[in-house]
Amino acid sequence: MGFKKSTAKILSENRLFVRSGKILDVGCGKRIYEYIFPEAEYIGIDIETSGRDANEKLPDIYFDGTNIPFEEDYFDFIVCTEVLEHCKDPKRLLDEMYRVLKPEGRALITTPFLWGEHEIPYDFRRYTSYGLTKNILSANFKIIDFKKDYPGFSSLLKIAASELSNSLGDNKSPKFLFAYLLIYIAFKFIEKVLRIKASRIYLTNQIMIEK
């Protein structure tokens, strides 16, 4: 799903939550949040075969997607963004993240709630806030905070933009801009004029946890 300003904001501004030192990026891809930690020992791991091209991955180490190749109590902080939906065994991976974190080490995990299929055919699930919380607690983590990113009709606007871009291959073309404007006006009319709130939907789960 790519870079998110809201995720970067949590990592860059929430210094009471984020731990410096040794940082592990699980499913690192192109290491899009590494710049936030210029003084840290930042290690990225990823799998070799997935729905993402090899040139979209810059790991220090390839792993099997389940077993993290580090000793226990090694890392101060873990970043894992939009990864669990692609895992064959997400519970096992969460257990592994718990194992390699130091006591009181922390992690930021994000997963989509609403989003189109991506990195196919390696896209296996979507989490509700309750489903993700249950998995986190079953791995023995403590939950520090939980956020629902882009709640309401703003989530549908994000999805519409993604689908238009995927169909047209260009998010700056007149056709894209015209279609997006129509969708934007429609949602704003529903929300502001008809006063209808899409209170049950949101785009992404953002969960802050501690060992």
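Residues numbered from 1 in each chain as written. Predicted model: local features only at pLDDT ≥ 70, side-chain atom pairs only at ≥ 80, totals over all residues. Heavy atoms only, no water.

Asks: Just checking my understanding: could you explain the side chain of Glu 119 for this structure?
Replies: On the secondary structure map, Glu 119 appears in the loop between strand 5 (101-112) and helix 3 (129-138). With a relative accessible area of 19%, Glu 119 lands in the buried category. Of note is the side chain of Glu 119, whose polar atom sits 2.9 Å from the side chain of Arg 52. Other than its neighbours up to four places away in sequence, Glu 119 contacts Ser 50, Gly 51, Arg 52 and His 86. (Helix = DSSP H or I, 4+ residues; strand = E, 2+ residues; numbered from the N terminus. Buried < 20%, exposed > 50% of the residue type's maximum accessible area, 1.4 Å probe, protein only. Polar contact = N/O pair within 3.5 Å; in protein donor to acceptor, adjacent residues only side chain to side chain. Contact = heavy atoms within 4.5 Å.)

Asks: Is there a simple way to think about the pattern of salt bridges in this case?
Replies: Two side chains that carry opposite charge are able to pair once their charged atoms sit near each other. For the coordinates displayed, the defined rule picks out 13 salt bridges. As a salt-bridge pair, Glu 210 and Arg 19 come within 3.6 Å of each other at their nearest N and O atoms. You can see Glu 210 sitting in strand 7 (residues 204-210) and its partner Arg 19 sitting in the loop between helix 1 (5-13) and strand 1 (22-26), a full 191 residues away along the chain. Given a relative accessible area of 12%, Glu 210 falls into the buried group. Residue Arg 19 is classed as partly exposed on the basis of its relative accessible area, which comes to 27%. Of the charged contacts in the structure, one is a salt bridge between Asp 123 and Arg 126, with a shortest N-O distance of 2.7 Å. When its relative accessible area of 15% is taken as the criterion, Asp 123 is described as buried. Each of Arg 19, Arg 106 and Glu 210 takes part in salt bridges that share partners, so that together they form one network. (Salt bridge = Lys/Arg side-chain N within 4 Å of Asp/Glu carboxyl O.)

Asks: Please explain the sheet that holds strand 3 (residues 61-62) as it appears in this structure.
Replies: The pairing of strands in a sheet comes from backbone hydrogen bonds and takes either a parallel or an antiparallel form. Pairing within the open sheet is mixed, and its 7 strands lie in the order 3-2-1-4-5-7-6. Here the strands that pair on one side only, and so sit at the sheet edges, are strand 3 and strand 6 (142-149). Here strand 6 pairs with strand 7 via 7 bridges, running antiparallel. The residue bridging Lys 148 from the neighbouring strand is Asn 205, located in strand 7. (Pairing = 2+ DSSP bridges.)

Asks: Is there a simple way to think about a nonpolar patch on the surface in this case?
Replies: A cluster of nonpolar side chains, namely Phe 189, Val 193, Leu 194 and Ile 196, defines an oily patch on the protein surface of about 370 Å² accessible area. Taking the relative accessible area as the measure of exposure, Val 193 reaches 52% and is therefore exposed. (Patch = residues over 30% accessible without salt bridge, like charges linked within 9 Å, V, L, I, M, F, W, Y side chains within 5 Å. Areas by Shrake-Rupley, 256 points an atom, 1.4 Å probe, with all protein chains shown as cover.)

Asks: Where do I start with the nonpolar core in this structure?
Replies: Side chains of a nonpolar character, in soluble globular proteins, are inclined to be buried together. Counting 28 residues, the largest nonpolar core has Leu 24, Val 26, Ile 68 and Met 97 as the members making the most contacts within it. The element contributing the most residues to this core is helix 2 (residues 90-100), with 4 residues. Not counting residues within four places of it along the chain, the set of residues in contact with Ile 68 comprises Leu 24, Val 26, Ile 45, Phe 63, Leu 93, Glu 96, Met 97, Arg 99 and Val 100. With 14 residues, the next largest nonpolar core counts Ala 8, Phe 17, Ile 36 and Val 79 among its residues. (Core = buried A, V, L, I, M, F, W, Y, C linked by side-chain atoms within 4.5 Å.)

Asks: Teacher, can you tell me more about the environment of Tyr 33 here?
Replies: Mapped onto the elements of the fold, Tyr 33 is located in the loop between strand 1 and strand 2 (41-46). For Tyr 33, a relative accessible area of 1% corresponds to the buried category. Spatially, the C-alpha atoms of Tyr 33 and Glu 48 are 20 Å apart, while their sequence positions differ by 15 residues. Not counting chain neighbours up to four residues away, the residues in contact with Tyr 33 comprise Gly 2, Phe 3, Lys 4, Thr 7, Ala 8, Leu 11, Tyr 42, Val 79 and Thr 81.

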